[in-house]
Amino acid sequence: MKHPTHDMPLMRTAPGTIVLFHPYVPEAALSSVADTLASRWIGQGPKVDLFERTFANRFAPRSSAIAVGSGTDALHLAYILAGLKPGDEVIAPVFTCTATNIPFLYMGVRIRFADVQADTLNIDPRHVKDLVNEKTRAIVCVHYGGLPCDLDELHSIANQWGIPVIEDAAHALGATYKGRSIGAISPMTMFSFQAIKHITTGDGGMLTLTDSSLESAARRIRWFGIDREAKQNGIWDNDITEIGYKYQMTDIGASMGLAALESFDSVLYHRMQLMEEYKHGLQGIPGISVLGSDYADREHACWLCTVSVESRRELQRKLYEHGVETNQVHYRNDRYSIFGGRRVDLPNMDRIEDKYLVLPLHHKVSLEDVQHICDLIRGGW
Ligand SMILES: *Cc1c(COP(=O)(O)O)cnc(C)c1O
């Protein structure tokens, strides 16, 4: 491997340390889960339905929301609904969680990795334009860290070729693009409620669909290909005509999700304040800059605060020694053998790959913590 990495070990939670991630489980989740555990439904039942409705009302009012077992499930389901078949090509981000791209390997779909924009780490529409061709069946983007991608540019390319944009919004709950909520813009958008995302259901995900004609297929494929409602009403004809799988969310998870949605606005607000504090605190320090922080036409969901920094390992070590955990979180996917080897046409990714670093930003981090981290950085590394 060309770029061996030696990551810092996971930091233990101890007084005085500032860890990189911490799950957000509000007090209200405890009683909400207890109620569900004492009820008739603990698998997929009425709480899942309610969570879907509540989620759609908040983030995608005119869309269908399909709750699933993970963000990865939501992506796999989206790719099936997009009709992707072996031999098809998709354009997908090289820099993302591997979950964005692994379902394609199951499906025999060929991935054309698109480069990042050096200043946001989001997919670069200019490279997408170079890559798109008559075999391309979808364009996938990830709103890295919570900053929405250049959706107008991506949609314009997709419309020209008559293909969908599929959004991986695992980082972007609560983000907006030109006044519209992420989740309500592209035909399909995926969210994740994995342990360390904005809100968590233990593990879980949501797929929002702006085209309601896909909803019933989505619900069937989520459950083996069976029309569950018809079955429960006793009117199912006992045939399965499309191959589904088991992608559903449980009522236990949905209870956590419902409780977390109640306080989501304050969670998001806190994250936005921390991001502002980082921007302010790191301003003017040579060799470091906050990525993707200055857009007037979109709202950042502030899941990650990522900096571009010279001598990354030295800064990471200094912060670690002062009890501050940092990490790269995601890596360029073409470093993993399963994706077929390192690509040579990703100059921006090449330039940034040894420079980016994620700083702590979550509900357990305070404004004072961020000031402390910025002071440490200002002291040099
Ligand atoms: C977390 C994440 C996923 C996967 O979601 P899971 O719920 O863990 O399956 C996909 N894409 C991105 C960008 C993520 O951060």
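Just so it is clear, the model here is predicted, and its values are computed rather than measured.

For this particular structure, what's the right way to read the layout of surface pockets?
Empty pockets left among the atoms are what a rolling probe the size of a water molecule brings to light. There is about 470 Å³ of room inside the largest pocket. For the largest pocket, the lining is made up of 22 residues, of which Gln44, Asp49, Arg219, Arg222 and Glu229 are closest to its centre. Secondary-structure elements contributing two or more residues to the lining of the largest pocket are α2 (46–59), β1 (64–68), α7 (215–221) and α8 (228–232). Tallying contributions element by element places α2 first for the lining of the largest pocket, with five residues. Class assignment of the residues belonging to the lining of the largest pocket gives a composition of six nonpolar, six polar and ten charged. Of the pockets and cavities examined, the second largest pocket occupies roughly 290 Å³. Cys97, Ser192, Gln194, Lys197 and His330 are the residues nearest the centre of the second largest pocket, which is lined by 22 residues in total. Looking at the lining of the second largest pocket, the elements with two or more residues in it are α3 (71–81) and β8 (188–192).

In this structure, what is going on with helix α9 (residues 251–262)? I would like to understand it.
One turn of the α-helix equals 3.6 residues, which is why residues spaced by three or four share an orientation. With twelve residues, α9 should cover 16 Å at 1.5 Å per step; its first-to-last C-alpha distance of 17 Å lies within 8% of that length. Taken residue by residue, α9 has Asp251, Gly253, Ala254, Ser255, Met256, Gly257, Leu258, Ala259, Ala260 and Leu261 as its buried positions.

Hey, could you run me through the sheet that holds strand β6 (residues 176–177) in this one?
Two orientations exist for strands paired in a sheet by backbone hydrogen bonds: parallel and antiparallel. The strand order across the open sheet formed by three strands is β7-β6-β11, and the pairing between neighbours is antiparallel. Only two strands of the sheet have a single partner each, and these edge strands are β7 (180–181) and β11 (298–299). Taken together, the two bridges between β6 and β7 define a ladder with antiparallel strand orientation. In the strand pairing of β7, Thr176 is matched with Ser181.

Please explain the nonpolar core as it appears in this structure.
Soluble globular proteins tend to pack their nonpolar side chains together in the buried interior. Core analysis: the biggest nonpolar cluster contains 44 residues, and Tyr79, Leu81, Phe104 and Leu207 have the highest contact counts within it. It is α3 that contributes the most residues to this core, six residues altogether. Split by domain, this core shows at least three residues from each of two domains, domain 1 (27–262) and domain 2 (264–378). In this view, Tyr79 contacts Leu84, Thr100, Pro103, Phe104, Met107, Val140 and Ile166; residues no more than four positions away in its chain are not counted. In this structure, Val165, Ala169, Phe191 and Leu261 belong to the second largest nonpolar core, which totals 43 residues.

Looking at this model, I keep getting lost on empty space enclosed by the protein. Mind explaining?
If you walk through the whole model with that rule in mind, you get two cavities of 30 Å³ or more. Considered as a void within the structure, the largest cavity measures approximately 60 Å³ in volume. In this structure, the largest cavity is lined by Thr120, Tyr144, Gly145, Leu147, Met275, Leu291, Gly292, His300, Leu304, Cys305 and Thr306. Looking at the lining of the largest cavity residue by residue, the class counts come to six nonpolar, five polar and no charged. Each of domain 1 (27–262) and domain 2 (264–378) gives at least three residues to the lining of the largest cavity. Approximately 30 Å³ is the volume attributed to the second largest cavity. Taken together, Phe21, His22, Ile196, Arg271, Trp303, Leu361 and His362 make up the lining of the second largest cavity.

Rules and cut-offs
Residues numbered from 1 in each chain as written. Predicted model: local features only at pLDDT ≥ 70, side-chain atom pairs only at ≥ 80, totals over all residues. Heavy atoms only, no water. 1 Å grid on protein atoms, 1.4 Å probe; cavity = no way out; pocket = protein on both sides within 12 Å on 5 of 7 lines; lining within 4 Å. Points joined across faces, edges and corners; volume = space filled by probe spheres on them. Helix = DSSP H or I, 4+ residues; strand = E, 2+ residues; numbered from the N terminus. Nonpolar A, V, L, I, M, F, W, Y, C, P; charged D, E, K, R; others polar. Expected span 1.5 Å × (residues − 1). Buried < 20%, exposed > 50% of the residue type's maximum accessible area, 1.4 Å probe, protein only. Pairing = 2+ DSSP bridges. Core = buried A, V, L, I, M, F, W, Y, C linked by side-chain atoms within 4.5 Å. Domains from an automatic or database assignment. Contact = heavy atoms within 4.5 Å.

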